[in-house]
Amino acid sequence: MLITTTPSFSTHAIDHYFGPVFGETIYGANVLRDFFAAVTDIVGGRSDEYETLLVRGRNTAMSEMAARATKMGANAVVGMRFDYSTVGNSMLMICCIGTAVTASPRTAIDDG
């Protein structure tokens, strides 16, 4: 599945727009992860635990979005972006949104 954050592809022509497509995931923080993040906050530095959680969440949301686009008949997603928000006190929601499309490779004639 082709996915881009731009509204179009330089290598493909968009043949059909299906509409918005989403992928969501919600991750809860656990006590151990919060403890290590608090220590990192005190001494400074990066929180590997939360960074790993974010990477996993983004990948999950993007995979769900791509699967939903495929079910719509799309072979690509344009204008993809992520949105993050908190749910309750310790849960993180990651949403991936884009526009499902069908795209076909450009030919030399298309570039004209």
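For the structure itself, consult the block above.
Residues numbered from 1 in each chain as written. Predicted model: local features only at pLDDT ≥ 70, side-chain atom pairs only at ≥ 80, totals over all residues. Heavy atoms only, no water.

**Details of the side chain of Thr-4**
Selection criterion: Secondary structure follows DSSP: runs of H or I at least 4 residues long count as helices, runs of E at least 2 residues long count as strands, and numbering of each begins at the N terminus. Accessible area is worked out with a 1.4 Å probe on protein chains only. A residue is then buried under 20% of its type maximum, exposed over 50%, and partly exposed in between. Note on contacts: a residue pair is in contact if any heavy atoms of the two residues lie within 4.5 Å.
Mapping Thr-4 onto the fold places it in the loop between strand 1 (2–3) and strand 2 (12–28). Exposure remark for Thr-4: the relative accessible area of 15% places this residue in the buried category. Every residue in contact with Thr-4, bar those within four places of it in the chain, is listed here: Phe-9, Val-77, Val-78, Gly-79 and Met-80.

**A look at the nonpolar core**
Convention followed: Take the buried Ala, Val, Leu, Ile, Met, Phe, Trp, Tyr and Cys residues and link them wherever side-chain atoms come within 4.5 Å; each set so joined is a nonpolar core.
Judged by nonpolar contacts, Val-21, Ala-61, Met-65, Ala-69, Ala-74, Val-77, Met-80, Ile-94, Cys-96 and Ala-100 together constitute the single largest core of 10 residues. At the level of elements, helix 2 (48–72), strand 3 (76–87) and strand 4 (91–105) are the ones that each hand at least two residues to this core. Of all hydrophobic cores here, the second largest spans five residues; its members include Phe-9, Val-78, Val-101 and Ala-103.

**Notes on the environment of Ala-69**
With respect to the secondary-structure elements, Ala-69 resides in helix 2. We classify Ala-69 as buried; its relative accessible area is 0%. Residues in contact with Ala-69, not counting those within four places in the same chain, are Met-1, Val-21, Ala-74, Val-77 and Ala-100.

**Section: the state of the cysteines**
Going by this rule: The disulfide criterion is simple: two cysteine sulfur atoms within 2.5 Å.
All told, the structure shown has zero disulfides when counted by the stated rule. Distance from the sulfur of Cys-95, which forms no disulfide, to the nearest cysteine sulfur (Cys-96) is 7.2 Å.

**Side note on helix 2**
Short version of the rule: By definition here, a helix of n residues has an expected span of 1.5 Å times n minus one.
With 25 residues, helix 2 should reach 36 Å at 1.5 Å per residue; the first-to-last C-alpha distance of 36 Å fits that figure. Buried within helix 2 we find Leu-53, Gly-57, Ala-61, Met-65, Ala-66 and Ala-69. After helix 2 finishes, the residue Gly-73 shows a positive phi value of roughly 100°.

Spatial relationships are all this shows, so hold off on functional conclusions.
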